Structure formats: structure tokens, C-alpha cells
Amino acid sequence: MVRLKRFVNPHREANTYVVYKNTTAVIIDVGNINTSILLDFLDQNNLHLDSVFLTHEHADHCCGVDGLANFLDFKLYCSEECGVNMRMPKLNFSKYLEDIDDFNLRKEATYIRQNTILYVDSSAIKCHEVKGHSPGSMAYEIENILFTGDTFMQTKTPLSFPNSSKSHYNLSIKKIKKIINKSTLICPGHGIIYNFLDSSR
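*Asks:* Could you clarify how one ought to interpret the nonpolar core in this entry?
*Replies:* If you look at soluble globular proteins, the nonpolar side chains tend to sit buried side by side. Counting residues in hydrophobic clusters, the biggest one holds 29 residues, and the most contacted among them are Val18, Val52, Leu54 and Met86. For this core, the secondary-structure elements that each account for two or more residues are strand 2 (15-21), strand 3 (24-28), helix 1 (35-44), strand 4 (48-53), helix 2 (59-62), helix 3 (65-69) and strand 5 (75-78). Not counting the four nearest positions on each side in its chain, Met86 is found in contact with Leu54, Glu57, Cys62, Leu76, Cys78, Asn92, Phe103, Asn104, Leu105, Lys107 and Ala109. By size, the runner-up hydrophobic cluster in this structure holds 18 residues, among which are Phe53, Tyr77, Tyr140 and Ile142.

Okay, here's the thing in C-alpha cells:
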């Protein structure tokens, strides 16, 4: 069974998750958290970082990737749309933010898509396309945990961005509701970890 640690980034209180089993870890999203916090946690728990998975291309979820890559060698996974948009300040929205400098993410990425399954230390990571909030949005399923990014949260998902799509979002919500069950833990892009049956959604 995997273990889980949630960190809250300063900008918009976006979540970064460290998921680990034995001595291997993966990270879901890296915002503007101080890199040393993640490095210290990995070191204190004797963890090797295998990979980082991005839920989508917005700056509050990916601006810290290159900073982490300055210290650690890891694989980066995201959708192709995320991989393209995260390299342009206008599309990762860093151009419009005051507390995050403009950036074009440099770390090389491996693209994943709907139904991609990756294995890290025998744990399956199932990938689900959940477009709507952004074109590159993905959700990741690891055991009974679903990392939903900004697509599925206890608060309302913003759909006012230039490349958001309400029709795609509605389809993604239907898809997510088919995945979850009474034991599923939802790890959203913002807000606390919760069980779907205990929420108001």
C-alpha cells in the first residue's frame, strides 16, 4: 500500500503530493513550494524520486519542476497538450501572475494519454484524460487514490480561462464518477484530501 504526503504551495494554495512505497516516490504537481522542503522530506524518509506527474499546465501546478530538476534526476510525465502549453508563459499563465516569474518549463517530458498505465515499484498508475479546466488536464489513479488536479474539487472548478471547455469538463466529470467508489480518496489540485461519499458533490 502506498503512503501519501500533501504539501500546500504558497501560490493559490495549490497542492503538491508525494506518493511513496518502500524507498521509491513519485510527485504529483510541483508549484512554487520551496524546493528544499521536498528535498528534505525525500531525504528524511530515504526516498528516491522516480518521476513527477503533472495534472495540467497551469503555473501553480508546474512552475517548480525545473527547480526540482536542478537537484534530482527524474522522469516527467504529462499529456501532450500540457507538455506544449507549459513551455509558453501565455499558456501556462505565468505571464499574468505577479508572484510567479514568467517561465517556459524546460524539463523534457514523456507524454501519456487516456488508459496509459505506468508501474513504479510495482504500483500501477492509471492515467485518465479529464479535459475541460485546461486542454492538458489529466487525473491519476494509484490504488484507491485519485489525483484530480483542478477538474474535480470540493470548490467550483474554474472554467473561465480562454482555453477552458465546459462541454469537455462535463464529460470529464462523468468519467471521474465512473472511476470512483466508496473507498476512493480524492486528492484535488486545491483543498483537502476527501472521500467522495463524504463530500457534497
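Back to the text.
*Asks:* Is there a simple way to explain the sheet that holds strand 12 (residues 194-195) in this structure?
*Replies:* Adjacent strands of a sheet form backbone hydrogen bonds with each other and so pair up, either parallel or antiparallel. Spatially, the six strands line up as an open sheet ordered 7-8-9-10-11-12, and their pairing is mixed. Unpaired on one side and paired on the other, strand 7 (117-120) and strand 12 mark the two borders of the sheet. Here four bridges tie strand 7 to strand 8 (residues 123-129), and the two strands are oriented antiparallel to one another. Across the sheet, the residue bridging to Val120 is Ser123, located in strand 8. Lying over the sheet, helix 6 (residues 166-179) contacts strand 8, strand 9 (138-142) and strand 10 (145-149), oriented at roughly 155° with respect to strand 8.

*Asks:* Could you clarify how one ought to interpret unusual backbone geometry in this entry?
*Replies:* Excluding glycine, most residues fall at negative phi; most peptide bonds, likewise, are trans. At Glu13, a residue that is not glycine, the phi angle is positive and equals roughly 50°. Note on placement: Glu13 falls in the loop between strand 1 (3-8) and strand 2. One non-glycine residue, Phe93, lies in positive phi territory at about 70°. Within the secondary structure layout, Phe93 lies in the loop between helix 5 (89-92) and strand 6 (110-111). The exposure class of Phe93 is buried, given its relative accessible area of 13%.

*Asks:* Teacher, can you tell me more about the pattern of salt bridges here?
*Replies:* Here the idea is simple: oppositely charged side chains can pair when their charged atoms come close. Enumeration over the complete set of coordinates arrives at three salt bridges. For Asp50, the salt bridge identified is with Lys75, shortest N-O distance 3.1 Å. Of this pair, Asp50 sits in strand 4 while Lys75 sits in strand 5; the two residues are 25 residues apart in sequence, bridging distant segments of the chain. Classification of Asp50 by relative accessible area gives buried; the value is 18%. Exposure remark for Lys75: the relative accessible area of 38% places this residue in the partly exposed category. Put simply, Glu81 and Lys131 hold a salt bridge, and the shortest N to O gap is 2.5 Å.

*Asks:* Which parts of the structure should I look at to understand the packing of aromatic side chains?
*Replies:* Two numbers describe a pair of aromatic rings. These are the distance of the centres and the angle of the planes. Considering all chains together, one arrives at seven aromatic pairs under this definition. Taken together, a centroid distance of 5.1 Å and an interplanar angle of 65° make the contact between Phe53 and Tyr140 edge-to-face. Remark: Tyr140 occurs in strand 9 and Phe53 occurs in strand 4; sequence separation between them is 87 residues. Note on accessibility: Phe53 and Tyr140 belong to one class, buried. With centroids separated by 6.3 Å and ring planes inclined at 50°, the aromatic side chains of Phe93 and Tyr96 adopt a geometry described as tilted. The class of Tyr96 is exposed, set by a relative accessible area of 53%. A cation over a ring is seen here: Lys5 above Phe7, with NZ or CZ 5.6 Å from the ring centre.

*Asks:* How should I be thinking about helix 1 in this particular structure?
*Replies:* Each turn of an α-helix holds 3.6 residues, which means side chains three or four residues apart point in the same direction. Buried residues of helix 1: Thr35, Leu38, Phe41 and Leu42, and no others. Seen from one end, helix 1 has its buried residues packed into an arc of 135°, which puts them on one side. Summarising the geometry of helix 1, the exposed residues directed more than 90 degrees from the buried face are Asp43 and Gln44. Of the surrounding elements, those touching the buried residues of helix 1 are strand 1, strand 2, strand 3, strand 4 and helix 3. Following helix 1 by one or two positions, Asn46 has its phi on the positive side, about 55°.

What counts, and where the lines are drawn
- Residues numbered from 1 in each chain as written.
- Predicted model: local features only at pLDDT ≥ 70, side-chain atom pairs only at ≥ 80, totals over all residues.
- Heavy atoms only, no water.
- Core = buried A, V, L, I, M, F, W, Y, C linked by side-chain atoms within 4.5 Å.
- Buried < 20%, exposed > 50% of the residue type's maximum accessible area, 1.4 Å probe, protein only.
- Helix = DSSP H or I, 4+ residues; strand = E, 2+ residues; numbered from the N terminus.
- Contact = heavy atoms within 4.5 Å.
- Pairing = 2+ DSSP bridges.
- Axes fitted to C-alpha atoms, helices over the stretch in contact; angles between N-to-C directions.
- Salt bridge = Lys/Arg side-chain N within 4 Å of Asp/Glu carboxyl O.
- Phe/Tyr/Trp six-rings, centres within 6.5 Å; stacked < 30°, edge-to-face > 60°.
- Lys NZ or Arg CZ within 6 Å of the ring centre and 35° of its normal.
- Arc of directions from axis to C-beta.

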